[in-house]
Structures are given as C-alpha cells and as structure tokens.
Amino acid sequence: MAELGIALPPVAKPVAAYVPAVVSGHLVFTSGQLPMVDGQLLRTGLVGTEVSADEAHADARQCILNALAAIDAEIGSLDRITRIVKVTGFVASAAGFSGQPGVVNGASELLGELFGDAGIHARSAVGVAELPLHAPVEIELIAEFA
C-alpha cells in the first residue's frame, strides 16, 4: 500500500448496532462500509442525478479502504489476506441509471492494485433506491486469511 501512496484510514465507527468486521474460520466479513472520511460522508445523493458516476467510483474506492481498515483491525494485518473472495456493492441509483458495475469498479480495481491475482474476486453490483445517511455507495467485503 505504501508503494501506491495509500494509507489505511481509521476504522469507521458503525452508524447503528453492528461491528465493522467479523471472523468466521479463515474468512473475515465486513459490514457495509460507506464512503466516510473522518466520520463524514464524502457526499450524499443518488448516482445519476446528484452524484456523478465518476464521483461514485471514487466513493467505492473509499468504501473499500474503510473495509480494509476494518479487516486490518480484526485480523491484525492485511498481510494475512490470501484471497479477496467477494465484493458486494450497493449503489443508490436515480431512475434509469444502469452504471452500477462501473461504480463498483472503484472498489474492484483498487483490490486488484493492492493484492494482484489474490485480489480477483466474485462480485455483485446492485442498484438500490436509498442507502443509510443518503450515501451514494455502500460496499461489503469478504476476504480469506491465514
């Protein structure tokens, strides 16, 4: 990460009654991560009207950084990750917006940069009417670790 000039943010505080990440066996599951920086959303609104696809792509990248921070805190080091298993991306979409896969690429591309072949994963990119706090994007991550 340092070679790419990327630093993990602090773990985002949950906005409701849940924990940021849970381990089961050799898998770690994150709760949905919003594009928070220093406790604030980068932006709010529906993608395709108030938020551009490019802005939402950047938001997905921030979501995955927040997910990785939660994983790091849970398992002690991202060096323990052996495979990114699954990314689920939710995009708060305006009527007619169908670019959810491109938005969630913000998360997937970063995982590829960071983990190489181990970062290639299964994925879902889902359009939804609304997300918590009016966030434009929410990302869940499942990773395998040793």
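On a predicted model such as this, the values are computed, not experimentally measured, just so you know.

### With respect to the environment of Thr44
- Relative to the helices and strands, Thr44 resides in the loop between β4 (40-41) and α1 (53-75).
- For Thr44, a relative accessible area of 44% translates into the label partly exposed.
- Along the backbone, Thr44 and Pro9 are 35 residues apart, and their C-alpha atoms lie at a distance of 20 Å.
- Sequence-distant contacts of Thr44, that is, excluding residues within four places in its chain, are made with Glu50, Val51, Leu133, His134 and Pro136.

### A short note on a nonpolar patch on the surface
- Taken together, the side chains of Val15, Tyr18 and Leu133 make up a nonpolar region of the molecular surface, amounting to roughly 260 Å² of accessible area.
- Take Val15: it is sitting in the segment before β1 (21-24).

### Notes on the sheet that holds strand β7 (residues 137-145)
- Ordered by their spatial adjacency, five strands build an open sheet running β1-β2-β7-β5-β6, and the pairing between neighbours is mixed. Both edges of this open sheet fall to β1 and β6 (122-128), since each of them pairs with a single strand only. Within this sheet the neighbouring strands show an average axis-to-axis angle of 15°, counted without direction.
- Across the sheet, α1 touches β1, β2 (27-30), β5 (81-92) and β7, and the angle it forms with β7 is around 40°.
- This element, helix α2 (residues 100-115), spans β5, β6 and β7 of the sheet and lies at about 150° to β6.

### Concerning the nonpolar core
- Membership of the largest hydrophobic core comes to 33 residues, with the highest contact counts inside it found for Ile81, Ile139 and Leu141.
- Of all the elements in the fold, those that place two or more residues in this core are α1, β5, α2 and β7.
- It is α1 that provides the largest number of residues to this core, a total of 10 residues.
- Setting aside anything within four residues of it in sequence, one finds Leu141 in contact with Val28, Phe29, Thr30, Ile64, Ala67, Leu68, Ile71, Ile84, Lys86, Val87 and Leu111.
- Formed by seven residues, the second largest nonpolar core is a distinct cluster that contains Leu34, Met36, Phe90 and Ala135.

### Looking at the pattern of salt bridges
- Enumeration according to the criterion identifies three salt bridges in this entry.
- Close ionic contact of Asp59 with Arg43 constitutes a salt bridge, the shortest N to O distance being 2.9 Å. A residue pair is termed long-range when its members are at least 10 positions apart, and Asp59 in helix α1 and Arg43 in the loop between β4 and α1 qualify at 16 residues.
- On the accessibility criterion, Asp59 (0% relative accessible area) is buried.
- For Arg43, a relative accessible area of 23% puts it in the partly exposed group.
- Among the ionic pairs, Glu113 bridges to Arg61, the shortest N-O distance being 3.8 Å.

Conventions we followed
Residues numbered from 1 in each chain as written. Predicted model: local features only at pLDDT ≥ 70, side-chain atom pairs only at ≥ 80, totals over all residues. Heavy atoms only, no water. Helix = DSSP H or I, 4+ residues; strand = E, 2+ residues; numbered from the N terminus. Buried < 20%, exposed > 50% of the residue type's maximum accessible area, 1.4 Å probe, protein only. Contact = heavy atoms within 4.5 Å. Patch = residues over 30% accessible without salt bridge, like charges linked within 9 Å, V, L, I, M, F, W, Y side chains within 5 Å. Areas by Shrake-Rupley, 256 points an atom, 1.4 Å probe, with all protein chains shown as cover. Salt bridge = Lys/Arg side-chain N within 4 Å of Asp/Glu carboxyl O. Pairing = 2+ DSSP bridges. Axes fitted to C-alpha atoms, helices over the stretch in contact; angles between N-to-C directions. Core = buried A, V, L, I, M, F, W, Y, C linked by side-chain atoms within 4.5 Å.

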